[in-house]
Amino acid sequence: MNYQTAQIRYGRRRASTRPRRGALVVEMAMTLPILLLILFGCYEFARANMMRHATQAAAYEAARVGIVPGATVKEVRDAARFVLGTVGVKKFDVDVDPDPIKENSQSVKVTVSLKMRENTALFLLFNEKAEFTGACQLTREGF
């Protein structure tokens, strides 16, 4: 069987892939930046959500430490530092009211605040000005 007979028997010859050789590169160049933007955006928003929840949890846990008789402001700040450290937050502010905690204080209020710009692992795409604040006020034990 010669070449022309094979063409007649099996149909037309397939088109060569040569003209489309650069199409894959062009398609990848167009779609890869969009894909990376979506992936990094998802990572950044997930990290922001995690930080938001961590600030509230840190304020609550620190306030729980502060309501125990004999607690100090340093112990309250250490409790907040521990909770925020579990999610990788390094720079934050903790305000304790009253400072210092006295035996006749009826309640303890803890406010934890942080800026996402100071605590990001990568660059920021969307949340450059994001700031999270968590606050909790609990009545001291024995009142």
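Residues numbered from 1 in each chain as written. Predicted model: local features only at pLDDT ≥ 70, side-chain atom pairs only at ≥ 80, totals over all residues. Heavy atoms only, no water.

## Here we look at the packing of helix H2 (residues 23–66) against helix H3 (residues 73–85)
Condition: The angle between two axes is taken between their N-to-C directions and runs from 0 to 180 degrees, where each axis is a line fitted to C-alpha atoms and a helix contributes only its stretch in contact. Secondary structure elements are defined from DSSP: runs of H or I of at least 4 residues count as helices, runs of E of at least 2 residues count as strands, and each element is numbered from the N terminus. Orientation is classified from the angle alone, with under 35 degrees giving roughly parallel, over 145 giving roughly antiparallel, 65 to 115 giving roughly perpendicular, and any other angle giving oblique. Take the far helix as your reference; a near helix turned counterclockwise from it by less than a right angle gives a left-handed crossing, and one turned clockwise gives a right-handed crossing. The contact criterion used throughout is that any non-hydrogen atoms of two residues lie within 4.5 Å. Gly is placed with the polar residues, together with every amino acid not listed as nonpolar (Ala, Val, Leu, Ile, Met, Phe, Trp, Tyr, Cys and Pro) or charged (Asp, Glu, Lys and Arg).
Following both chains from N to C, one finds H2 and H3 inclined at 150°, their axes separated by 8 Å at the closest point. One element, H2, and the other, H3, form an angle in the roughly antiparallel class. Crossing of H2 against H3: the hand is right-handed. Residue-level inspection shows Ala54, Thr55, Ala57, Ala58, Glu61, Ala62, Val65 and Gly66 of H2 in contact with H3, the latter providing Glu75, Val76, Ala79, Ala80, Val83 and Leu84. Here the residues of the contact of H2 with H3 are counted per class, giving 10 nonpolar, 2 polar and 2 charged.

## With respect to the sheet that holds strand S2 (residues 107–115)
Operational definition: Paired strands, as defined in this entry, are two strands with at least two bridges between them according to DSSP.
Across the sheet, which stays open at both edges, the 3 strands sit in the order S1-S2-S3 with antiparallel pairing between neighbours. The open sheet has two edge strands, strand S1 (93–97) and strand S3 (131–139), and neither has a second partner. Each strand axis lies, on average, 10° off the axis of its neighbour in the sheet, ignoring direction. Taken strand by strand, H2 contacts S2 and S3, and its axis lies near 25° from that of S3.

## Digging into the pattern of salt bridges
Side-chain pairing between opposite charges can occur once the charged atoms of the two side chains come close. Put simply, the test is: Salt bridges are counted wherever a side-chain nitrogen of Lys or Arg sits within 4 Å of a carboxyl oxygen of Asp or Glu. Each residue is assigned to one of three classes by its accessible area relative to the maximum for its type, calculated with a 1.4 Å probe on protein chains only: buried under 20%, partly exposed between the two thresholds, exposed over 50%.
On inspection of all chains with the given rule, the structure shows 3 salt bridges. The partner of lysine 74 in a salt bridge is aspartate 78, and the shortest N-O contact between them spans 2.9 Å. In this pair, lysine 74 and aspartate 78 are both assigned in helix H3, 4 residues apart and thus about one turn of the helix distant. Taking the relative accessible area as the measure of exposure, aspartate 78 reaches 30% and is therefore partly exposed. Aspartate 78 serves as the salt-bridge partner of arginine 81, at 2.7 Å between the closest nitrogen and oxygen. Pair noted here: arginine 81 and aspartate 78 are both in helix H3, with a separation of 3 residues, about one helical turn. Each of the salt bridges in this network shares a partner with another, and the network as a whole consists of Lys74, Asp78 and Arg81.

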